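Remarks on the overall topology
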There are 6 protein chains.
Amino acid sequence: MSDLKDLEKKIGKVPRVFRDMAEKDPMMYDKILEFDNYIWADGSLTKQTKKILAIAITAAMRDNRALAAQMAGAKNLGVKKEEIEEALRVAFLLSGMPAYAQGRNELDALYE
Amino acid sequence: MSDLKDLEKKIGKVPRVFRDMAEKDPMMYDKILEFDNYIWADGSLTKQTKKILAIAITAAMRDNRALAAQMAGAKNLGVKKEEIEEALRVAFLLSGMPAYAQGRNELDALYE
Amino acid sequence: MSDLKDLEKKIGKVPRVFRDMAEKDPMMYDKILEFDNYIWADGSLTKQTKKILAIAITAAMRDNRALAAQMAGAKNLGVKKEEIEEALRVAFLLSGMPAYAQGRNELDALYE
Amino acid sequence: MSDLKDLEKKIGKVPRVFRDMAEKDPMMYDKILEFDNYIWADGSLTKQTKKILAIAITAAMRDNRALAAQMAGAKNLGVKKEEIEEALRVAFLLSGMPAYAQGRNELDALYE
Amino acid sequence: MSDLKDLEKKIGKVPRVFRDMAEKDPMMYDKILEFDNYIWADGSLTKQTKKILAIAITAAMRDNRALAAQMAGAKNLGVKKEEIEEALRVAFLLSGMPAYAQGRNELDALYE
Amino acid sequence: MSDLKDLEKKIGKVPRVFRDMAEKDPMMYDKILEFDNYIWADGSLTKQTKKILAIAITAAMRDNRALAAQMAGAKNLGVKKEEIEEALRVAFLLSGMPAYAQGRNELDALYE
């Protein structure tokens, strides 16, 4: 389970479905963990910037559950409220006001 | 037209449709320009980071025209190929391999 | 706050997130209000027809929260149930049965 | 083939794929024609308003081929350029600037 | 109502909105039923395989309500948990991890 | 490069972008190949059924490039035209007629 700890450090919060999968479906679990660890590692972009990207993408896609999970992780990694708010503006421009409005709902609830 | 120059500095490249709009539909043009200038300005996130966000969002949404426009703008603003490639990985994770593959196509063609 | 009243007349119902924003983030709030007021005004299309468009778009995009908000606004502006039902049929044709089914759920609950 | 003529009157332009289908796959063709004829008929909304809805939906979904087909049909049915432009603004608000920009591209090319 | 029984046999579970529609809007109800019965019938693909397709599509589109409805129908038709899990992997690859994660949530809850 | 041959057997056709990546970005290339090989292997569902799933998903998402790639792969793996046509009907029902129409365009061109 050490890989799971690594991942938690990188993404701030591991969704419960992946914890369950460790028992029920270890091979798929390993594949996802490996892929996740590769993608979220600090590189040319920091893991904080990657989290901001993940928030913008999930808001744009109207994927409210994934948005909430990414935002909770971002907060745990020390991403600032102002940074997320500005990322949501870009989502507004490229995918519409509801992406911004739903993001603001989550953001104001999480960071107050 | 000075606002258009400002916008070009911020987003790297102004799509032709907005240039045409300046003549044909000046009121809508002004609204968009104003809104755009507000969203793209340096703030908690730099305009380069915002461009990377825009690339990730448009790749995730399978909006190939917007993706190409954002990427050309990013290059003009000095965003590095490695940064875009890592952003596309996040788009892969959250919106699937074709988002990454199409992004790589554009990226390899533009930066070679 | 007079602009907010104007907007309410145009769109039927202002989401709570925008009311909160008036205090917390007045600059973004002003930008959105201005843009919204411009887009929703009566023009070649009436504001009622624009609401019907908004319902069809949000149903097609599977954006259930935005769909509910647009539909509540439409009702306040006097849009008829039959008009919305026919708009949802177009959404069915172009974006699938679940767009219609979810729209019908909202519609039957709101207009009964 | 009289049904096809009926449909053409309602939607302005029948995509080639449906003409081909009449020969290759008559049962699916009949189902689609029947469903199409039902949805596009004048009712609480005119067929012109339904076309405007179809343009807004396909622009919002980034479905450029369907957008072009719907817009060509709208022109044949006498929908005005100004009406489509205002519908595209609603698509901008709810699904982002690229929906508007791509719609404007098509619109300006088709109606000039 | 015999057609509704036919449909139930084919899709495993008919959403409540369609039951309500039988009374409130019999003409639209008939059109949908007819179209549905045509699409879900056994053909080159069995109705079970079509259900698996429906699960993959709705997961990919982030349409959580439609996903839950399709999955419940699949279970009633005897589709195996393993088959759905593998279909969700394809949705992961082509539309991102959250499609898989949400699908797993539903799947584990429904089949335990 | 033996892994690439394995993958080609499973998915019918490897997009050029992945061939290029083998040279330019071997680590990302390895990750994708590994993940791909895991997902496409015969299991509870055959690789042919997985291809049909991939076609339905990409059609539903309006991802025309990915759709064309998946369809070409399906043909190489011996998937029948009738099977794909029926999968596209499910995509019609759940994501709208343009998903079906574009799929038919590709299908008729590829299999004639």
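Calculation criteria
Residues numbered from 1 in each chain as written. Chains lettered and ligands numbered in written order. Predicted model: local features only at pLDDT ≥ 70, side-chain atom pairs only at ≥ 80, totals over all residues. Heavy atoms only, no water. Helix = DSSP H or I, 4+ residues; strand = E, 2+ residues; numbered from the N terminus. Rg over C-alpha atoms; globule rule 2.2 N^0.38 Å. Contact = heavy atoms within 4.5 Å. Areas by Shrake-Rupley, 256 points an atom, 1.4 Å probe, with all protein chains shown as cover. Buried area = accessible area lost by both parts, 1.4 Å probe. Salt bridge = Lys/Arg side-chain N within 4 Å of Asp/Glu carboxyl O. Polar contact = N/O pair within 3.5 Å; in protein donor to acceptor, adjacent residues only side chain to side chain. Nonpolar A, V, L, I, M, F, W, Y, C, P; charged D, E, K, R; others polar. UniProt positions renumbered as here; feature names shortened; annotations may be inferred. Expected span 1.5 Å × (residues − 1). Buried < 20%, exposed > 50% of the residue type's maximum accessible area, 1.4 Å probe, protein only. Least-squares fit on C-alpha atoms with pLDDT ≥ 70 in both. Domains from an automatic or database assignment. Axes fitted to C-alpha atoms, helices over the stretch in contact; angles between N-to-C directions. Parallel < 35°, antiparallel > 145°, perpendicular 65-115°, else oblique. Left-handed = near helix turned anticlockwise from the far one by under 90°. Core = buried A, V, L, I, M, F, W, Y, C linked by side-chain atoms within 4.5 Å.

Looking at an unreviewed UniProt entry, one finds chain A named Carboxymuconolactone decarboxylase, with Methanoplanus limicola DSM 2279 as its source organism.

Take the overall build of chain A next. When helices and strands are counted, chain A shows seven helices and zero strands. Start at the N end of chain A and walk to the C end: the helices and strands fall as α-α-α-α-α-α-α. Relative to its length of 112 residues, chain A is compact, with a C-alpha radius of gyration of 14 Å against a globular reference of 13 Å. Its C-alpha atoms give chain A principal-axis dimensions of about 40 × 30 × 25 Å. Once local pairs closer than 6 in sequence are excluded, the contacts in chain A between residues at least 24 apart make up 59%. Accessible area of chain A: about 4,300 Å², with a carbon and sulfur share of 48%.

Each partner contributes to the interface: chain A provides 30 residues, whereas chain B provides 30 residues. Approximately 2,700 Å² of surface area, both sides summed, lies buried where chain A meets chain B, with 78% of it carried by carbon and sulfur atoms. Applying the counting rule to chain A against chain B returns two salt bridges. A:Lys50 serves as the salt-bridge partner of B:Glu86, at 3.3 Å between the closest nitrogen and oxygen. Remark: the boundary between chain A and chain B carries six residue pairs in polar contact (both at pLDDT 80 or more). Breaking the side of chain A that touches chain B down by element, the ones donating at least two residues are helix 3 (26–40), helix 4 (47–60) and helix 6 (81–95) of chain A. In terms of residue count, the dominant contributor to the side of chain A that touches chain B is helix 6 of chain A (eleven residues). Residue composition of the side of chain A that touches chain B, grouped by class: 18 nonpolar, six polar and six charged.

Time to look at the interface of chain E and chain F. In many reports, interface size means the accessible area that the parts give up when they come together. Between chain E and chain F, the residue contacts involve 30 residues of the former and 30 residues of the latter. A combined buried area of about 2,800 Å² lies between chain E and chain F, and 78% of that area is made up of carbon and sulfur atoms. Among the residues of chain E in contact with chain F, E:Ile57, E:Leu93 and E:Leu94 are the three that bury the most area, contributing 21% of the side total. Summed over the shared surface of chain E and chain F, the result is two salt bridges.

Once that is clear, we can look at the UniProt feature "domain: Carboxymuconolactone decarboxylase-like" (unreviewed entry) in chain A. What UniProt calls "domain: Carboxymuconolactone decarboxylase-like" (unreviewed entry) maps, in this numbering, to residues 28–105 of chain A. The distance separating the terminal C-alpha atoms of residues 28–105 of chain A is 33 Å; by composition the span is 82% helix and 0% strand.

Attention now moves to helix 6 (residues 81–95) of chain F. Residues and elements named next belong to chain F. The terminal C-alpha atoms of helix 6 lie 20 Å apart, and with 15 residues this matches the ideal 21 Å at 1.5 Å per residue to within 8%. Taking burial as the measure, the 15 residues of helix 6 include 13 buried ones, the bulk of the element. Immediately downstream of helix 6, the backbone of Gly 96 shows phi near 105°, a positive value.

Glancing now at the relation of the copies chain E and chain F. Copy one and copy two of the chain differ by a rotation about a common axis and a shift along it. Of the transformation superimposing chain E on chain F, the axial component is 0.0 Å and the angular component is 180°, with the fit at an RMSD of 0.0 Å. Such a turn and shift between the copies fits a two-fold axis. Relative to the rotation axis, the C-alpha of E:Ile57 is the closest in chain E, positioned 2.5 Å from it. The share of interface residues of chain E whose copies in chain F are also at the interface is 100%, consistent with both copies meeting through the same surface.

Checked against the element boundaries, A:Asp25 lands in the loop between helix 2 (16–24) and helix 3. Looking at A:Asp25, the relative accessible area reads 13%, which means it is buried. Those residues in contact with A:Asp25, other than ones at most four positions away along the chain, are E:Glu85, E:Arg89, E:Tyr100 and E:Arg104.

Here the focus is the domain arrangement of chain A. Residue and element names in this part refer to chain A. Domain annotation for chain A reports domain 1 (2–40) and domain 2 (47–111). Between domain 1 and domain 2, the C-alpha centre-to-centre distance is 21 Å. The interface is formed by seven residues belonging to domain 1 together with nine residues belonging to domain 2. Where domain 1 abuts domain 2, roughly 680 Å² becomes buried across the two surfaces, and 61% of that area is made up of carbon and sulfur atoms. Across the domain 1-domain 2 interface, the total number found is zero salt bridges.

Relative placement of two packed helices is described by the angle separating their axes and the distance separating the axes. Interaxial distance between helix 7 (residues 97–111) of chain C and helix 2 (residues 16–24) of chain E falls to 10 Å at its minimum, and their mutual angle equals 65°. The pairing of helix 7 of chain C with helix 2 of chain E is recorded here as roughly perpendicular in orientation. The way helix 7 of chain C lies across helix 2 of chain E gives a crossing that is left-handed. Contacts from C:Met97, C:Tyr100, C:Ala101, C:Arg104, C:Asn105 and C:Asp108 in helix 7 of chain C reach E:Val17, E:Phe18, E:Met21 and E:Lys24 in helix 2 of chain E.

Turning our eyes to something else, we now look at the nonpolar core. Within the largest apolar cluster, 259 residues are counted, with the highest numbers of intra-cluster contacts made by A:Ile84, B:Ile84, C:Ile84, D:Ile84, E:Ile84 and F:Ile84. Setting aside anything within four residues of it in sequence, one finds E:Ile84 in contact with E:Ile55, E:Met71, E:Ala74, E:Val79, E:Leu107 and E:Tyr111.

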